[in-house]
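# A structural walkthrough
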Amino acid sequence: MTVARPDLPAGSHDPVSAESASPAARLQAALDEQRAAFARQPNPTAAERDRWLATLLSVVLDHKQRFVEAISADFGNRSAHETLGAEVMVTAAGIRYLRQHLKEWMAVEPRHISLLFAPARGEVRYQPKGVIGVISPWNYPLQLALVPVATALAAGNRVLLKPSELSPATSALMQELLHAAFPRDLVQVVTGGPDVGAAFAGLKLDHLMYTGSTHVGRLVMLAAAQNLVPVTLELGGKSPAIVHPDAPFKVAVERVAFGKVLNAGQTCVAPDYALVPRAMEARFVDALAARFAEMLPTLATNRDYTSIINERHRARVAGLVEDARAKGARVREVNPASEDLTGSGKVAPTILQGVSDDMEVMHEEIFGPVLPVVPYDTLDDAIAYVNARPRPLALYYFDTNAGRVDKVMSATHSGGACVNDVALHVGQDDLPFGGIGPSGLGAYHGREGFLAFSHAKSVFHQRRLRLTQLFNPPYGATIDAILKVLVG
(Lines give C-alpha, C1' and ligand atoms only; values in the text may rest on other atoms or scores of the structure.)
Protein backbone atom coordinates (compact mmCIF):
# COMPACT_ATOMS: atom_id res chain seq x y z
CA MET A 1 0.00 0.00 0.00
CA THR A 2 1.28 3.48 -0.84
CA VAL A 3 0.24 6.78 0.65
CA ALA A 4 0.04 10.13 -1.10
CA ARG A 5 2.52 12.77 -0.04
CA PRO A 6 1.65 16.45 -0.26
CA ASP A 7 5.20 17.38 -1.30
CA LEU A 8 5.01 15.21 -4.43
CA PRO A 9 3.53 16.39 -7.75
CA ALA A 10 -0.19 15.91 -8.17
CA GLY A 11 -1.08 12.37 -9.13
CA SER A 12 2.19 10.84 -7.89
CA HIS A 13 2.86 8.78 -4.80
CA ASP A 14 5.76 7.76 -2.62
CA PRO A 15 6.13 4.02 -3.28
CA VAL A 16 8.78 3.55 -0.61
CA SER A 17 6.95 5.21 2.29
CA ALA A 18 5.15 2.08 3.45
CA GLU A 19 7.88 0.50 5.56
CA SER A 20 5.98 -2.72 6.00
CA ALA A 21 5.67 -3.37 2.26
CA SER A 22 7.88 -6.05 0.77
CA PRO A 23 10.73 -5.00 -1.56
CA ALA A 24 8.83 -6.47 -4.51
CA ALA A 25 5.67 -4.53 -3.63
CA ARG A 26 7.51 -1.25 -3.18
CA LEU A 27 9.40 -1.71 -6.43
CA GLN A 28 6.23 -2.61 -8.29
CA ALA A 29 4.59 0.57 -6.99
CA ALA A 30 7.56 2.60 -8.21
CA LEU A 31 7.39 0.92 -11.62
CA ASP A 32 3.64 1.49 -11.87
CA GLU A 33 4.13 5.17 -11.09
CA GLN A 34 6.73 5.55 -13.82
CA ARG A 35 4.69 3.56 -16.32
CA ALA A 36 1.73 5.86 -15.76
CA ALA A 37 3.94 8.91 -16.29
CA PHE A 38 5.38 7.40 -19.46
CA ALA A 39 1.86 6.76 -20.79
CA ARG A 40 1.11 10.45 -20.32
CA GLN A 41 4.32 11.48 -22.11
CA PRO A 42 5.42 8.62 -24.38
CA ASN A 43 7.81 10.58 -26.60
CA PRO A 44 9.43 13.59 -24.89
CA THR A 45 10.77 16.31 -27.16
CA ALA A 46 14.45 17.01 -27.63
CA ALA A 47 14.06 20.16 -25.56
CA GLU A 48 12.55 18.23 -22.66
CA ARG A 49 15.26 15.59 -22.75
CA ASP A 50 17.94 18.28 -22.91
CA ARG A 51 16.49 19.92 -19.79
CA TRP A 52 16.68 16.60 -17.97
CA LEU A 53 20.32 16.16 -18.99
CA ALA A 54 21.16 19.72 -17.98
CA THR A 55 19.63 19.07 -14.57
CA LEU A 56 21.61 15.85 -14.17
CA LEU A 57 24.81 17.64 -15.16
CA SER A 58 24.14 20.26 -12.48
CA VAL A 59 23.66 17.51 -9.90
CA VAL A 60 27.08 16.08 -10.76
CA LEU A 61 29.00 19.35 -10.92
CA ASP A 62 27.30 21.30 -8.14
CA HIS A 63 27.84 18.48 -5.67
CA LYS A 64 31.14 17.05 -6.86
CA GLN A 65 32.83 17.60 -3.50
CA ARG A 66 30.04 15.78 -1.71
CA PHE A 67 30.49 12.88 -4.11
CA VAL A 68 34.25 12.88 -3.48
CA GLU A 69 33.62 12.70 0.28
CA ALA A 70 30.87 10.08 0.09
CA ILE A 71 32.85 7.77 -2.19
CA SER A 72 35.93 8.09 0.01
CA ALA A 73 33.82 7.26 3.04
CA ASP A 74 32.52 4.13 1.32
CA PHE A 75 36.02 2.93 0.44
CA GLY A 76 37.68 3.97 3.68
CA ASN A 77 39.90 6.05 1.43
CA ARG A 78 39.39 6.85 -2.23
CA SER A 79 41.78 9.21 -3.97
CA ALA A 80 39.98 12.51 -4.58
CA HIS A 81 41.83 12.84 -7.88
CA GLU A 82 40.61 9.42 -9.01
CA THR A 83 37.03 10.33 -8.16
CA LEU A 84 37.21 13.70 -9.90
CA GLY A 85 38.95 12.26 -12.96
CA ALA A 86 37.46 8.81 -13.42
CA GLU A 87 33.98 9.59 -12.10
CA VAL A 88 33.00 13.26 -12.14
CA MET A 89 34.90 14.23 -15.30
CA VAL A 90 33.89 11.13 -17.27
CA THR A 91 30.24 11.43 -16.24
CA ALA A 92 30.06 15.13 -17.04
CA ALA A 93 31.74 14.59 -20.41
CA GLY A 94 29.30 11.81 -21.23
CA ILE A 95 26.28 13.99 -20.42
CA ARG A 96 27.64 16.86 -22.51
CA TYR A 97 28.19 14.50 -25.44
CA LEU A 98 24.61 13.26 -25.21
CA ARG A 99 23.30 16.82 -25.23
CA GLN A 100 25.46 17.74 -28.19
CA HIS A 101 24.21 14.90 -30.39
CA LEU A 102 20.66 14.36 -29.11
CA LYS A 103 18.74 16.05 -31.93
CA GLU A 104 20.85 14.28 -34.55
CA TRP A 105 20.14 10.86 -33.03
CA MET A 106 16.43 11.55 -32.57
CA ALA A 107 15.93 12.49 -36.23
CA VAL A 108 13.80 10.21 -38.38
CA GLU A 109 16.12 8.17 -40.63
CA PRO A 110 15.02 7.62 -44.24
CA ARG A 111 15.72 4.07 -45.45
CA HIS A 112 15.97 2.53 -48.91
CA ILE A 113 12.87 0.90 -50.40
CA SER A 114 13.15 -1.50 -53.35
CA LEU A 115 11.87 -0.21 -56.70
CA LEU A 116 9.39 -3.08 -56.67
CA PHE A 117 7.47 -1.31 -53.88
CA ALA A 118 7.49 2.15 -55.49
CA PRO A 119 6.29 4.79 -54.85
CA ALA A 120 6.54 3.85 -51.16
CA ARG A 121 9.13 5.22 -48.75
CA GLY A 122 10.63 3.82 -45.56
CA GLU A 123 11.95 5.31 -42.36
CA VAL A 124 13.16 4.41 -38.88
CA ARG A 125 11.92 6.27 -35.83
CA TYR A 126 13.77 5.94 -32.53
CA GLN A 127 11.25 5.84 -29.74
CA PRO A 128 11.75 5.54 -25.97
CA LYS A 129 11.31 2.02 -24.66
CA GLY A 130 9.54 3.12 -21.47
CA VAL A 131 10.97 2.42 -18.02
CA ILE A 132 14.66 1.50 -17.87
CA GLY A 133 16.06 -0.26 -14.83
CA VAL A 134 19.71 0.31 -13.90
CA ILE A 135 21.56 -1.84 -11.36
CA SER A 136 24.92 -0.19 -10.73
CA PRO A 137 28.05 -1.41 -8.91
CA TRP A 138 30.19 -0.07 -6.08
CA ASN A 139 33.59 0.27 -7.75
CA TYR A 140 32.75 3.44 -9.68
CA PRO A 141 29.50 4.25 -7.92
CA LEU A 142 28.92 7.63 -9.56
CA GLN A 143 30.00 7.04 -13.16
CA LEU A 144 28.52 3.56 -13.56
CA ALA A 145 25.18 4.73 -12.18
CA LEU A 146 24.71 8.13 -13.76
CA VAL A 147 26.11 7.53 -17.26
CA PRO A 148 23.43 4.85 -17.85
CA VAL A 149 20.81 7.10 -16.22
CA ALA A 150 21.81 9.99 -18.50
CA THR A 151 21.73 7.76 -21.57
CA ALA A 152 18.29 6.41 -20.71
CA LEU A 153 16.99 9.96 -20.20
CA ALA A 154 18.50 11.06 -23.52
CA ALA A 155 16.52 8.27 -25.17
CA GLY A 156 13.36 9.67 -23.56
CA ASN A 157 12.80 7.02 -20.89
CA ARG A 158 11.91 6.95 -17.22
CA VAL A 159 14.57 5.44 -14.95
CA LEU A 160 14.62 3.27 -11.85
CA LEU A 161 18.12 3.11 -10.34
CA LYS A 162 19.30 0.49 -7.86
CA PRO A 163 22.82 1.45 -6.70
CA SER A 164 25.07 -0.92 -4.77
CA GLU A 165 24.54 -1.55 -1.07
CA LEU A 166 28.35 -1.79 -0.75
CA SER A 167 28.67 1.97 -1.31
CA PRO A 168 25.89 3.15 1.04
CA ALA A 169 27.06 6.75 1.50
CA THR A 170 27.19 7.33 -2.25
CA SER A 171 23.88 5.56 -2.81
CA ALA A 172 22.18 7.68 -0.14
CA LEU A 173 23.64 10.85 -1.61
CA MET A 174 22.45 9.96 -5.12
CA GLN A 175 19.01 9.21 -3.76
CA GLU A 176 18.89 12.56 -1.95
CA LEU A 177 20.14 14.62 -4.88
CA LEU A 178 18.24 12.89 -7.68
CA HIS A 179 14.98 12.94 -5.77
CA ALA A 180 15.45 16.67 -5.13
CA ALA A 181 16.23 17.33 -8.80
CA PHE A 182 13.66 15.11 -10.55
CA PRO A 183 10.08 13.97 -9.94
CA ARG A 184 10.12 10.35 -8.88
CA ASP A 185 7.97 9.34 -11.82
CA LEU A 186 10.95 10.34 -13.98
CA VAL A 187 13.99 9.25 -11.95
CA GLN A 188 13.76 7.20 -8.79
CA VAL A 189 16.53 5.66 -6.69
CA VAL A 190 15.77 2.54 -4.68
CA THR A 191 18.28 1.33 -2.12
CA GLY A 192 18.65 -1.94 -0.28
CA GLY A 193 20.52 -5.20 -0.18
CA PRO A 194 20.44 -8.41 -2.22
CA ASP A 195 16.72 -8.94 -1.59
CA VAL A 196 15.94 -5.60 -3.21
CA GLY A 197 18.34 -6.38 -6.06
CA ALA A 198 16.69 -9.73 -6.72
CA ALA A 199 13.22 -8.17 -6.72
CA PHE A 200 14.47 -5.39 -8.99
CA ALA A 201 15.81 -7.87 -11.56
CA GLY A 202 12.40 -9.57 -11.58
CA LEU A 203 10.44 -6.43 -12.52
CA LYS A 204 8.63 -6.23 -15.86
CA LEU A 205 10.81 -3.38 -17.07
CA ASP A 206 11.21 -2.29 -20.68
CA HIS A 207 14.99 -2.75 -20.47
CA LEU A 208 17.38 -3.69 -17.69
CA MET A 209 21.01 -2.70 -17.46
CA TYR A 210 23.28 -4.45 -14.98
CA THR A 211 26.94 -3.73 -14.27
CA GLY A 212 28.80 -6.16 -12.02
CA SER A 213 30.18 -9.66 -11.78
CA THR A 214 29.65 -12.39 -14.35
CA HIS A 215 28.17 -14.68 -11.69
CA VAL A 216 25.47 -12.20 -10.67
CA GLY A 217 25.00 -11.21 -14.30
CA ARG A 218 23.83 -14.74 -15.05
CA LEU A 219 21.25 -14.51 -12.25
CA VAL A 220 20.07 -11.10 -13.46
CA MET A 221 19.65 -12.41 -17.00
CA LEU A 222 17.71 -15.43 -15.75
CA ALA A 223 15.37 -13.21 -13.73
CA ALA A 224 14.85 -10.81 -16.63
CA ALA A 225 14.18 -13.69 -19.03
CA GLN A 226 11.10 -14.69 -17.02
CA ASN A 227 9.49 -11.46 -18.22
CA LEU A 228 11.25 -11.27 -21.61
CA VAL A 229 12.98 -8.08 -20.49
CA PRO A 230 15.89 -7.17 -22.78
CA VAL A 231 19.17 -6.72 -20.95
CA THR A 232 22.48 -4.93 -21.28
CA LEU A 233 25.10 -6.67 -19.15
CA GLU A 234 28.41 -5.00 -18.41
CA LEU A 235 30.44 -7.69 -16.68
CA GLY A 236 34.17 -8.28 -16.32
CA GLY A 237 36.63 -11.07 -16.78
CA LYS A 238 40.36 -11.37 -17.10
CA SER A 239 41.59 -8.63 -19.42
CA PRO A 240 45.10 -9.35 -20.71
CA ALA A 241 47.92 -6.95 -21.53
CA ILE A 242 50.24 -8.29 -24.23
CA VAL A 243 53.67 -6.68 -24.53
CA HIS A 244 55.61 -7.31 -27.75
CA PRO A 245 59.43 -7.48 -27.58
CA ASP A 246 59.67 -4.41 -29.83
CA ALA A 247 57.12 -2.35 -27.89
CA PRO A 248 58.23 0.88 -26.20
CA PHE A 249 59.26 -0.80 -22.95
CA LYS A 250 58.96 2.15 -20.57
CA VAL A 251 55.57 3.11 -21.98
CA ALA A 252 54.26 -0.43 -21.55
CA VAL A 253 55.47 -0.69 -17.96
CA GLU A 254 54.13 2.70 -16.90
CA ARG A 255 50.71 2.21 -18.45
CA VAL A 256 50.19 -1.32 -17.19
CA ALA A 257 51.20 -0.10 -13.72
CA PHE A 258 48.72 2.80 -13.95
CA GLY A 259 45.88 0.47 -14.92
CA LYS A 260 46.68 -1.87 -12.02
CA VAL A 261 46.78 0.73 -9.23
CA LEU A 262 43.95 2.94 -10.49
CA ASN A 263 41.23 2.50 -7.87
CA ALA A 264 43.56 -0.14 -6.40
CA GLY A 265 42.77 -2.42 -9.31
CA GLN A 266 39.03 -2.36 -8.57
CA THR A 267 38.22 -1.61 -12.20
CA CYS A 268 36.40 -3.92 -14.58
CA VAL A 269 38.85 -3.06 -17.36
CA ALA A 270 42.03 -3.22 -15.26
CA PRO A 271 44.80 -5.39 -16.75
CA ASP A 272 44.19 -8.74 -15.08
CA TYR A 273 47.41 -10.38 -16.22
CA ALA A 274 50.36 -9.44 -18.42
CA LEU A 275 51.77 -11.58 -21.21
CA VAL A 276 55.42 -10.67 -21.74
CA PRO A 277 58.23 -12.22 -23.84
CA ARG A 278 60.01 -14.87 -21.82
CA ALA A 279 63.41 -13.25 -22.39
CA MET A 280 62.27 -9.97 -20.84
CA GLU A 281 60.13 -11.29 -17.98
CA ALA A 282 62.62 -10.47 -15.22
CA ARG A 283 63.31 -7.01 -16.62
CA PHE A 284 59.59 -6.31 -16.92
CA VAL A 285 58.88 -7.40 -13.34
CA ASP A 286 61.74 -5.31 -11.95
CA ALA A 287 60.64 -2.25 -13.91
CA LEU A 288 57.01 -2.74 -12.87
CA ALA A 289 57.94 -3.00 -9.20
CA ALA A 290 60.07 0.15 -9.52
CA ARG A 291 57.18 2.00 -11.14
CA PHE A 292 54.76 0.94 -8.41
CA ALA A 293 57.23 2.22 -5.80
CA GLU A 294 57.70 5.48 -7.68
CA MET A 295 53.96 6.15 -7.84
CA LEU A 296 53.26 4.97 -4.28
CA PRO A 297 56.28 5.49 -1.99
CA THR A 298 53.97 4.91 0.98
CA LEU A 299 50.73 2.99 1.24
CA ALA A 300 48.99 2.91 4.61
CA THR A 301 48.08 6.59 4.94
CA ASN A 302 48.70 7.64 1.33
CA ARG A 303 45.62 9.59 0.22
CA ASP A 304 46.53 8.90 -3.41
CA TYR A 305 46.11 5.15 -2.94
CA THR A 306 42.58 3.82 -2.73
CA SER A 307 41.53 1.24 -0.17
CA ILE A 308 39.82 -2.04 -0.97
CA ILE A 309 36.06 -1.48 -0.61
CA ASN A 310 35.62 -3.68 2.48
CA GLU A 311 37.27 -6.38 4.55
CA ARG A 312 35.52 -9.22 2.73
CA HIS A 313 36.95 -8.12 -0.61
CA ARG A 314 40.37 -7.44 0.92
CA ALA A 315 40.39 -10.97 2.31
CA ARG A 316 39.30 -12.33 -1.07
CA VAL A 317 42.25 -10.62 -2.82
CA ALA A 318 44.65 -11.79 -0.12
CA GLY A 319 43.25 -15.30 -0.49
CA LEU A 320 43.98 -15.31 -4.23
CA VAL A 321 47.60 -14.37 -3.51
CA GLU A 322 48.00 -17.00 -0.79
CA ASP A 323 46.46 -19.70 -2.98
CA ALA A 324 48.93 -18.83 -5.72
CA ARG A 325 51.82 -18.81 -3.25
CA ALA A 326 50.84 -22.21 -1.88
CA LYS A 327 50.75 -23.63 -5.40
CA GLY A 328 54.23 -22.41 -6.28
CA ALA A 329 53.90 -18.84 -7.51
CA ARG A 330 56.62 -16.31 -6.67
CA VAL A 331 55.06 -13.34 -4.88
CA ARG A 332 56.57 -9.88 -4.95
CA GLU A 333 54.80 -7.29 -2.81
CA VAL A 334 55.76 -3.68 -3.45
CA ASN A 335 55.69 -1.94 -0.06
CA PRO A 336 58.51 0.63 -0.29
CA ALA A 337 58.22 1.88 3.31
CA SER A 338 57.76 -1.65 4.74
CA GLU A 339 54.54 -0.55 6.42
CA ASP A 340 52.16 -2.71 8.41
CA LEU A 341 48.97 -2.48 6.38
CA THR A 342 46.82 -4.25 8.97
CA GLY A 343 43.64 -2.27 9.49
CA SER A 344 44.43 0.20 6.71
CA GLY A 345 42.14 -1.39 4.14
CA LYS A 346 45.04 -1.29 1.69
CA VAL A 347 46.62 -4.11 -0.28
CA ALA A 348 50.17 -3.60 -1.51
CA PRO A 349 50.70 -3.77 -5.28
CA THR A 350 51.69 -7.38 -5.88
CA ILE A 351 53.35 -9.14 -8.82
CA LEU A 352 52.99 -12.89 -9.31
CA GLN A 353 55.36 -15.03 -11.36
CA GLY A 354 55.32 -18.74 -12.05
CA VAL A 355 51.51 -18.84 -12.16
CA SER A 356 49.64 -21.85 -13.49
CA ASP A 357 46.11 -22.73 -14.46
CA ASP A 358 45.42 -24.56 -11.21
CA MET A 359 45.63 -21.27 -9.30
CA GLU A 360 42.41 -19.41 -8.51
CA VAL A 361 44.03 -16.12 -9.46
CA MET A 362 44.16 -17.30 -13.07
CA HIS A 363 40.43 -18.01 -13.18
CA GLU A 364 38.79 -15.32 -11.05
CA GLU A 365 38.71 -11.66 -11.94
CA ILE A 366 41.18 -10.24 -9.43
CA PHE A 367 39.64 -6.81 -8.78
CA GLY A 368 42.64 -5.73 -6.74
CA PRO A 369 46.25 -4.51 -7.19
CA VAL A 370 47.64 -7.95 -8.06
CA LEU A 371 49.18 -8.69 -11.45
CA PRO A 372 50.20 -12.17 -12.63
CA VAL A 373 52.96 -12.05 -15.25
CA VAL A 374 52.84 -14.86 -17.81
CA PRO A 375 55.83 -15.40 -20.16
CA TYR A 376 55.33 -16.34 -23.80
CA ASP A 377 57.67 -17.41 -26.60
CA THR A 378 56.00 -16.16 -29.78
CA LEU A 379 53.21 -13.71 -30.51
CA ASP A 380 51.12 -16.58 -31.83
CA ASP A 381 51.56 -18.29 -28.45
CA ALA A 382 50.28 -15.17 -26.69
CA ILE A 383 47.27 -14.95 -28.99
CA ALA A 384 46.52 -18.65 -28.47
CA TYR A 385 46.76 -18.19 -24.68
CA VAL A 386 44.15 -15.42 -24.78
CA ASN A 387 41.87 -17.27 -27.18
CA ALA A 388 41.90 -20.43 -25.05
CA ARG A 389 40.19 -18.51 -22.24
CA PRO A 390 36.80 -16.80 -21.84
CA ARG A 391 36.52 -13.65 -23.91
CA PRO A 392 37.57 -10.66 -21.81
CA LEU A 393 36.01 -7.23 -21.42
CA ALA A 394 39.21 -5.57 -22.66
CA LEU A 395 42.51 -6.44 -24.29
CA TYR A 396 45.65 -4.31 -24.32
CA TYR A 397 48.45 -4.67 -26.85
CA PHE A 398 51.73 -2.81 -26.78
CA ASP A 399 53.53 -2.56 -30.12
CA THR A 400 54.25 0.04 -32.81
CA ASN A 401 54.16 -2.30 -35.79
CA ALA A 402 50.89 -1.72 -37.64
CA GLY A 403 50.83 -5.16 -39.19
CA ARG A 404 51.21 -6.94 -35.85
CA VAL A 405 48.67 -4.62 -34.23
CA ASP A 406 46.15 -5.50 -36.92
CA LYS A 407 46.94 -9.19 -36.49
CA VAL A 408 46.26 -9.11 -32.73
CA MET A 409 43.11 -7.00 -33.11
CA SER A 410 41.80 -9.36 -35.79
CA ALA A 411 42.78 -12.65 -34.17
CA THR A 412 41.45 -11.97 -30.66
CA HIS A 413 37.97 -11.25 -29.36
CA SER A 414 37.30 -8.84 -26.51
CA GLY A 415 34.67 -6.30 -25.58
CA GLY A 416 37.06 -3.46 -26.38
CA ALA A 417 40.77 -2.89 -26.78
CA CYS A 418 43.55 -0.34 -26.45
CA VAL A 419 46.79 -0.22 -28.39
CA ASN A 420 49.69 1.15 -26.34
CA ASP A 421 47.47 2.08 -23.42
CA VAL A 422 45.01 0.60 -20.95
CA ALA A 423 41.45 1.40 -19.84
CA LEU A 424 41.16 4.75 -21.60
CA HIS A 425 38.86 3.43 -24.32
CA VAL A 426 36.10 3.51 -21.70
CA GLY A 427 36.30 7.30 -21.52
CA GLN A 428 35.69 7.82 -25.25
CA ASP A 429 32.10 8.88 -25.77
CA ASP A 430 32.06 7.99 -29.46
CA LEU A 431 33.21 4.41 -28.82
CA PRO A 432 30.72 1.76 -27.65
CA PHE A 433 31.55 0.15 -24.33
CA GLY A 434 30.50 -3.43 -23.71
CA GLY A 435 31.62 -7.00 -23.35
CA ILE A 436 31.32 -10.18 -25.37
CA GLY A 437 30.21 -13.59 -24.14
CA PRO A 438 30.99 -13.99 -20.42
CA SER A 439 32.24 -10.39 -20.23
CA GLY A 440 28.94 -8.86 -21.21
CA LEU A 441 26.01 -8.48 -23.55
CA GLY A 442 25.26 -5.31 -25.49
CA ALA A 443 26.99 -1.95 -25.34
CA TYR A 444 26.38 1.60 -24.29
CA HIS A 445 28.06 5.04 -24.24
CA GLY A 446 27.18 7.70 -26.79
CA ARG A 447 25.08 6.71 -29.77
CA GLU A 448 25.25 3.00 -28.94
CA GLY A 449 23.71 3.74 -25.56
CA PHE A 450 20.99 5.84 -27.13
CA LEU A 451 20.21 2.96 -29.49
CA ALA A 452 20.27 0.38 -26.67
CA PHE A 453 17.60 2.30 -24.75
CA SER A 454 15.50 3.14 -27.83
CA HIS A 455 13.18 1.08 -29.98
CA ALA A 456 14.03 1.39 -33.67
CA LYS A 457 10.55 1.36 -35.18
CA SER A 458 10.42 0.76 -38.92
CA VAL A 459 7.67 2.64 -40.77
CA PHE A 460 6.58 1.89 -44.34
CA HIS A 461 4.61 4.65 -46.10
CA GLN A 462 2.59 3.63 -49.14
CA ARG A 463 0.56 5.73 -51.59
CA ARG A 464 -2.81 5.03 -53.18
CA LEU A 465 -1.33 3.46 -56.32
CA ARG A 466 1.37 0.82 -55.98
CA LEU A 467 3.19 -1.61 -58.24
CA THR A 468 2.60 -4.54 -55.90
CA GLN A 469 -1.11 -4.48 -56.72
CA LEU A 470 -0.06 -6.49 -59.77
CA PHE A 471 0.47 -9.40 -57.37
CA ASN A 472 -3.23 -9.65 -56.52
CA PRO A 473 -5.02 -12.81 -57.66
CA PRO A 474 -6.25 -14.14 -59.98
CA TYR A 475 -2.74 -14.89 -61.22
CA GLY A 476 -1.93 -15.24 -64.90
CA ALA A 477 0.62 -14.65 -67.62
CA THR A 478 1.45 -11.10 -66.48
CA ILE A 479 2.53 -12.09 -63.00
CA ASP A 480 4.37 -15.11 -64.40
CA ALA A 481 6.44 -12.79 -66.59
CA ILE A 482 7.15 -10.40 -63.73
CA LEU A 483 8.24 -13.19 -61.38
CA LYS A 484 10.49 -14.66 -64.06
CA VAL A 485 12.32 -11.33 -64.23
CA LEU A 486 12.42 -10.76 -60.45
CA VAL A 487 13.22 -14.30 -59.32
CA GLY A 488 15.36 -15.42 -62.25
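For clarity, every value in this text was computed on a predicted model and none was experimentally measured. (Residues numbered from 1 in each chain as written. Predicted model: local features only at pLDDT ≥ 70, side-chain atom pairs only at ≥ 80, totals over all residues. Heavy atoms only, no water.)

For the protein, the count of helices and strands is 15 helices and 18 strands. Its C-alpha radius of gyration of 26 Å places the protein within 12% of the 23 Å reference for a compact globule of 488 residues. Along the three orthogonal principal directions, the C-alpha set of the protein runs to about 85 × 70 × 35 Å. Taking the intrachain contacts of the protein between residues at least 6 apart in sequence as the baseline, contacts between residues at least 24 apart amount to 73%. For the protein, the accessible area works out to roughly 21100 Å², and carbon and sulfur atoms hold 57% of it. Within the protein, one finds 47 positive and 49 negative side-chain charges whose respective centroids are separated by 7 Å. (Helix = DSSP H or I, 4+ residues; strand = E, 2+ residues; numbered from the N terminus. Rg over C-alpha atoms; globule rule 2.2 N^0.38 Å. Contact = heavy atoms within 4.5 Å. Areas by Shrake-Rupley, 256 points an atom, 1.4 Å probe, with all protein chains shown as cover. Lys, Arg positive; Asp, Glu negative; His and termini not counted. Charge placed at Lys NZ, Arg CZ, Asp CG, Glu CD.)

Right, let's talk about the nonpolar core for a bit. Inside soluble globular proteins, nonpolar side chains tend to come together where they are buried. Of all hydrophobic cores here, the largest spans 119 residues; its most connected members are Leu-178 and Ile-242. The biggest single contributor to this core is helix α5 (residues 143-154), with 9 residues. Look past the residues within four positions of Ile-242 in its chain and what remains in contact with it is Leu-275, Tyr-376, Leu-379, Ala-382, Val-386, Leu-395, Tyr-396, Tyr-397, Phe-398 and Val-408. Membership of the second largest hydrophobic core comes to 21 residues, among which are Val-196, Ala-201, Val-231 and Leu-233. (Core = buried A, V, L, I, M, F, W, Y, C linked by side-chain atoms within 4.5 Å. Buried < 20%, exposed > 50% of the residue type's maximum accessible area, 1.4 Å probe, protein only.)

So, on to the sheet that holds strand β5 (residues 187-189). By definition, the strands of a sheet pair up through backbone hydrogen bonds, in either a parallel or an antiparallel sense. Taken in spatial order, the 6 strands of this open sheet run β5-β4-β3-β6-β7-β16, and their pairing is mixed. Two strands close off the open sheet at either side, each with one partner strand: β5 and β16 (440-441). For strand β3 (residues 131-135) and strand β6 (residues 207-211), the ladder comprises 4 bridges, and the chain directions are parallel. Across the sheet, Ile-132 pairs through a bridge with His-207, a residue of β6. (Pairing = 2+ DSSP bridges.)

Reading across the sheet, the 3 strands line up as β1-β2-β18 and stay open at both edges, with antiparallel pairing between neighbours. The outermost strands of the open sheet, each flanked by one partner alone, are β1 (109-111) and β18 (454-461). The mean inter-strand angle of the sheet, taken between neighbouring strand axes irrespective of direction, is 30°. (Axes fitted to C-alpha atoms, helices over the stretch in contact; angles between N-to-C directions.)

So, about helix α6 (residues 168-181). End to end, α6 covers 20 Å across 14 residues, agreeing with the expected 20 Å (1.5 Å per residue, within 8%). Regarding α6, the residues found buried are Thr-170, Ser-171, Leu-173, Met-174, Leu-177, Leu-178 and His-179. Looking at the buried residues of α6, the elements they touch are α2 (46-62), α3 (64-75), α5, β4 (158-162) and β5. (Expected span 1.5 Å × (residues − 1).)

On their own, these measurements won't tell you what the molecule is for.
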